[in-house]
Structures are given as C-alpha cells and as structure tokens.
2 protein chains.
Amino acid sequence: MCKLLSQYRAVARDLKVDAVAIVPGPNFTRLFGAEFHSHERPLVVFIPAEGDAAAIVPNLELRSFDLIGFEGEVFDWRDQDGYQHAFEALASQLPLSSLAVEGQIMRVFVHHAIAAAWPGLRIVDAEKQISGLRIIKSESEVSLLADAIHISERAMDHTISKVRVGMTETEIQGLLTQALFANGADAHAFGPIVAAGDNSAMPHAHARSDYRVQAGDALLLDFGARKDGFCADITRTFFVGHVDDASAEVYDAVYRANLRGHEVTKAGVTCHEVDDAVIGVLEASPFADRIRTKTGHGLGRDVHEAPYIMRGNHQVLEAGMVFTNEPGLYQIGEFGVRIEDDILVTDNGCRSLTQFPKELTVIGT
Amino acid sequence: MCKLLSQYRAVARDLKVDAVAIVPGPNFTRLFGAEFHSHERPLVVFIPAEGDAAAIVPNLELRSFDLIGFEGEVFDWRDQDGYQHAFEALASQLPLSSLAVEGQIMRVFVHHAIAAAWPGLRIVDAEKQISGLRIIKSESEVSLLADAIHISERAMDHTISKVRVGMTETEIQGLLTQALFANGADAHAFGPIVAAGDNSAMPHAHARSDYRVQAGDALLLDFGARKDGFCADITRTFFVGHVDDASAEVYDAVYRANLRGHEVTKAGVTCHEVDDAVIGVLEASPFADRIRTKTGHGLGRDVHEAPYIMRGNHQVLEAGMVFTNEPGLYQIGEFGVRIEDDILVTDNGCRSLTQFPKELTVIGT
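If you're wondering where the values come from, they're calculated on a predicted model, not measured in any experiment.

What counts, and where the lines are drawn
- Residues numbered from 1 in each chain as written.
- Chains lettered and ligands numbered in written order.
- Predicted model: local features only at pLDDT ≥ 70, side-chain atom pairs only at ≥ 80, totals over all residues.
- Heavy atoms only, no water.
- Buried < 20%, exposed > 50% of the residue type's maximum accessible area, 1.4 Å probe, protein only.
- Helix = DSSP H or I, 4+ residues; strand = E, 2+ residues; numbered from the N terminus.
- Pairing = 2+ DSSP bridges.
- Contact = heavy atoms within 4.5 Å.
- Axes fitted to C-alpha atoms, helices over the stretch in contact; angles between N-to-C directions.
- Disulfide = S-S within 2.5 Å.
- Core = buried A, V, L, I, M, F, W, Y, C linked by side-chain atoms within 4.5 Å.
- Buried area = accessible area lost by both parts, 1.4 Å probe.
- Salt bridge = Lys/Arg side-chain N within 4 Å of Asp/Glu carboxyl O.
- Polar contact = N/O pair within 3.5 Å; in protein donor to acceptor, adjacent residues only side chain to side chain.
- Nonpolar A, V, L, I, M, F, W, Y, C, P; charged D, E, K, R; others polar.

Draft legend 1. Molecular detail of the pairing of strand E12 (residues 234–240) of chain A. All names here are of chain A. Extensive coverage of E12 is indicated by the burial of seven of its seven residues. Neither face of E12 is open: one carries Ile234, Arg236, Phe238 and Val240, the other Thr235, Thr237 and Phe239, and all of them are buried. Both strand E9 (residues 218–223) and E12 contribute to a ladder of six bridges, which runs antiparallel. Paired with Leu219 across the strands is Phe238, a residue of E12. The pairing of E12 with strand E20 (residues 362–363) spans two bridges and is parallel.

Draft legend 2. Spotlight on the sheet that holds strand E8 (residues 193–196) of chain B. All names here are of chain B. Spatial strand order, E8-E9-E12-E20: four strands in an open sheet with mixed pairing. In this open sheet, the two strands that pair with only one neighbour each are E8 and strand E20 (362–363). Where E8 meets strand E9 (residues 218–223), four bridges bridge the pair, whose relative direction is antiparallel. The partner of Ile193 across the bridge, within E9, is Asp222. The strands touched by helix H7 (residues 139–162) are E9, strand E12 (234–240) and E20; relative to E12, the strand with the most contacts, the crossing angle is about 10°. This element, helix H8 (residues 169–182), spans E8 and E9 of the sheet and lies at about 145° to E8.

Draft legend 3. Summary view of the state of the cysteines. What the rule picks out here adds up to zero disulfides over all chains. Cys350 of chain A takes part in no disulfide bond, and the closest cysteine sulfur to it belongs to Cys271 of chain A, at a distance of 13 Å.

Draft legend 4. Spatial organisation of the nonpolar core. In this structure, Leu219 and Leu221 of chain A together with Leu219 and Leu221 of chain B are the most contacted members of the largest nonpolar core, which totals 78 residues. The residues touching Leu219 of chain B, leaving out its near neighbours within four places in the chain, are Val163, Ile172, Val194, Ala195, Ala196, Arg236, Thr237, Phe238, Val240 and Ile363 of chain B.

Draft legend 5. Looking closely at the interface of chain B and chain A. At the junction of the two partners, chain B supplies 45 residues and chain A supplies 45 residues. In total, about 4,300 Å² of surface goes out of reach between chain B and chain A, with carbon and sulfur atoms giving 57% of it. The interface formed by chain B and chain A includes four salt bridges. Measuring nitrogen to oxygen at the nearest pair gives 3.7 Å for the salt bridge that ties Glu40 of chain B to Lys294 of chain A. There are 18 residue pairs in polar contact (both at pLDDT 80 or more) connecting chain B and chain A. Where the side of chain B that touches chain A is concerned, the elements lending two or more residues are helix H3 (62–66), helix H5 (108–117), strand E6 (122–125) and H8 of chain B. Here the residues of the side of chain B that touches chain A sort into 18 nonpolar, 15 polar and twelve charged.

Draft legend 6. View of the environment of Phe323 of chain A. Residue and element names in this part refer to chain A. Structurally, the position occupied by Phe323 is in strand E15 (residues 322–325). Judged by relative accessible area, Phe323 falls into the buried class, the value being 0%. Sequence separation between Phe323 and Asp233 is 90 residues; the distance between their C-alpha atoms is 9.5 Å. If we ignore the near neighbours within four places in the chain, the residues touching Phe323 are Thr265, Val274, His297, Gly298, Leu299, Pro307, Ile309, Leu317, Asp341, Asp342, Ile343 and Val345.

Rendered as structure tokens:
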C-alpha cells in the first residue's frame, strides 16, 4: 500500500495541489484491496503531497476499515451526530488550500462537506490523473479481467443455445443473467442490454417484456460479468432464424471495422488513430449515416474508464492498456449491429481477451 | 409525467431556488419511468420553478430519451466534442442564479460543468427535499417492493437448506446469488453480506474465501433483490449446527428489539421515538456495549433513503413510508446478530413486508 500511496502523492505534486481525496470506488479498491459502499455515509481518504494520510470513516465501518491496514489518523463519526464535525476536526489538523478529487466518483454531498470544512478550498476535478493510475494493467489484473470475460462468454454461449423465436427480450435477459451467475459472476458489470429488432438500434436499449423475437430479427446482447473487482464488457449481435442479405451486408461492415481495430492497435498508436481507422471502415461503407458511437473505452475495475478510443483523443496507447473495440451501425426504427471485444495493447500489436466467435451467426434454429 | 414534474417545480419554489436538476438515478426513474446509466456522460434534466424544462443528453442516448416523452428542449452533445458547450448553450437560454441538486446522486464532474456554465450559481444540496418526494409509497410501489422482498425470501430459504459446516463464506454467497437470480431478481440491490463467526460482528462484512463455517458459528445473511426498480433489504442471522446458551441470549435481545420496532411503529410516531424504543431494548440487555448501529433506513427505489430511523431525527412517520427495522449487536472478534425486516407504516400500526421467520433457527444439521 505504501508504494501505491506514493503514486497518489505524486499526482498531488504534479497537479500542484496540497492533497488528493479518494472515496470508495475503483481507485479506493485498487489502493486498499477492499470495497466499501458509502451510500449516505461519507468515507474519504486524504493523501497529502507531503505528510501522513488521514481518513473520515463512519463509526460502523471502523472495524472493516481497521483491516485494510491504513496507517494515518482516522476521524470517525456516528449517524446520530452527523459527519460535518469529523471533516472539521480533520481540517483543523490538515490545512489545505487545494484538493484533487475523483470527479466522476465523488458525489456532491461529500464535495459540499469538504468545501464547508475548508473555506476557500480550490477543489480540482482530477479524475483523469487519479483514475489514470489504473490505466496500465499488471499481469495479475489482466488475468482477473480475462476471468470475468470467460465467465461472460460461457453465459453468452449458454444463452444463445436456448433462444427461440417467440421469446420476449426479458425472458432472454433472465436466461442470460442466470447463466452469468451460474458461471461464477459476482455481479453484473452494468445493466445488461438484450435488444431485438428495432430495439437493437438503440446503443443503450432496455429489454422489453412485450416484444417477442421474430424470425429474421437481429438480437444484440451486450453485458459483462463483474468478478473479483474487474469488469467484462462484450457484445455480439446474432440473427434469429434466418438473416436477409441486406442485414448481412450491414453485419459485414461492422465486422470489418472491428477487425480493423485489432489490426491497427499497438503501443505507440493514439486513441484518435484507432478510432479513425475503425470508423473509417464504417464511413466507407454504404451505411455511414448509421454511425452513432465512438470505437470504445477503457475497461478494468470500472466498466467505463480511460483510455477513451475516440477521434480527438491523442493519448498514446501503451502496452498493458485494455479497451473495448465496439464499432456499431444503428438504423433507427430498423435494427442495429455491434460487435465488441475487450483487447489488451501489447508492444507489437494487441491480444483479444474476448475469444467468442464473431462471424455472422444465425441462432434459434 | 406532468403531474410529477409539478412536484419538482414545487420543491424549487419551496427552496426559493430557480430550478431543480435531476440526474439518472432513483428520482429520474420515478419521474420518467426509464433508467439511464450516465457513466462518464452527463445527462441532466433542469426543471425550473416557472417555465419549460430542458435537458442535456448524450447524442447516443437521444433515441432512448425520445421515448420517455420529455417535452422540453434537448441540448445534445457528442463524445468527440465534449459536453461543456451543451451546458453553455442551455445556460444562454435558461439564466439561473440558484439550483437545487441531488447531493447524494449527482457527481462532482457534473457539478463542475454546471458551475462553469452558470458563473456565480448557488448550488444547493436538496437531496432531502428532492428524494423526499419518494418517501410515501403508492400501493403499486408497495406491491413492487413486496415482489422484490419475496424473491429475496425464496432465495434465503433455498440457501439455508444447502448450508453445511465446512463451506466457505464465498461458497454460500455463490449459492445465495444463484438462488436470487433463479427466483427472478434483476440485480443485487447491494453487495450481499455473507458473514460467519467473527466476520458477522462487522455490520458491512465481506465474504471470505478462506474461512470455513464451523459448528456453533453465527451466519449472518444480509442481501436483497432489485426487481423492476425496487430494492429489498433483509437480514437473518442463523446458527450452524448448534447454538450455545450465551449466543441464544444475545439473539433473544435482538429479537425482542426487532419486535419492539414493529410494536411502536405507526403513523404519527417520530423516527427518533422508534429508534429510541428499539435501541432501548438493547440498552436494557446485558449487551449494551455491542450496539453499533441505528434501527434502520427507508427503502424503495434506493436501498438507503429517507426516513432514517435514528435518535435525533424528529421526522414524523406517515402511512406509506417503508423502512428497515434492523437492530443488531456486534461483539468485535466474536460474533454479531442482526434481524432485519422491511416494514410499511400504516395509520394504525405497521405491516411487515418481510415474512421470513425470525425465531432462533439452527441450520445445516
């Protein structure tokens, strides 16, 4: 933990702020190896650029917090007293004029408690720099990610073996969910997407209980297991019963775009260049008007994290980064196709952690 | 939706602020009947005290957003352009000097985007008032909650029929999770707690893969299904193989405290009075030094919401409120006992939505 703490101290120094604050979430779990759910109870670790760390901890979490081996001073608070006095007690010992926080994780009530305890404090959103410490995955982290992905692939395989014309989207989602947990998932990495026919044209669709899958429908499954703190995120689009030539042509364009993403990815290439190559394939197809999303996003302890694979992001890919390669084409009111793999950047190319077949597949026959 | 929108307008007027902002989460789902996951992409609905609502929506969510029947102007943005210009375009049409937000739901990066678009804006944490609109449950909401609870009870029943001495906590958690989804859960309402022996003494424990349940252990199961947007939250503490007299005495104190909670709850009583009565039973027992938590919290679309059942909270209970009655006693290093029911306040008393037996039970024999 000491080694990791020093990384966060370095972020504070780089940003020229007095400290970094970490709240329960993926950075917290990386740092301390434990998960806390803070709900309405603030729990915050303050890591100064220089000097000892300190923490605000709900009294009922003290024992669990003890177990993480935190070495700084702990300011606890009880429900009946509220938390503000704990922030003020800490503020009196740790004067701060600037603080970096995780903008996509910390919620406003904690921000307000901090702002009230340190009047005039400059609070900087350092999501990019703080969560950026997770961007290069170690071998053991890649292995945990691969486990989550393999669980998801087994669930995909089981689910499509059961799909038949006439099932509702929610029935299929139930099959998928059961298969995911039967294969060892700890949780859904995110709300799964099970979308057939016109619903597949919405990138973040919700399963309908009143739509029955018809022969010829596209069926898009986008989901992932969360396992030991790591998130899978995979998508395949199948056709049920049969597929017509026009749909197969759309599928082929997405398939080629996905393959292109694998081809161009390697350390040294930028996120912009990958997205440009992938989206370029779709733009060169007859279906350019159906493009609605970027190529993908990083993946790890969070299901959406850096690097973001999109034009305009000139971040250079490095070996050990993992991201989703998920081109799609979406024709509103008709159907959509997305093919999503989770890929690991290597020095000379990339390795797809997703192994599930992605050639055009007709199921339910 | 129009009727509901007017409730949020009324909150703005009551708080003397220009508008209320709602982000994806339980209030959003109540208002629009749909779930969105915003991850790194801001989606915000602004509801002014007077005049038309307006929204910031990621471009790739536009079609899903169309379906919710939102009638105000929509300012969309694309990943490659970022979101700040959409906030600024909205700000130029909707001048605001003060804004109420959901402090426990909105994250800091959205807060910062809003603060930058409306310089000098006073941002008020109105979590209590905004989420307070959900505090009285309708009959149909109670019915959905009851469904989530029944799923959880069936999973509890199945799980304890399988528990044996020698199983690890994580094995038992796996059984519980599978049973939850086999019975129709959409998701875990929260990370389940499966804690045996000394681990049960931590109110928010995590299952261990290296601890095998021993004869005489307490086994605490605290979990809930999420179903159709509503969250169950139930706890039972069992003993495995056998129970000694000292443990049974602790159990009895918690059991009596739980029963007392049911006895004193009715419309017109305060949260303080319920907690005082429940904790009073524990304080009068020989185990007063093992008290570490308040009686409970509200339950509905969120697993922790108002009303908070604790001393010092003089909020008056009203018919239609639902909360957890979950007294516990925790002896660090030894074991803990918690018994948690979800109860509905009625005019003349309360109705327990949780029906699972709570008399001292030995399992695994």
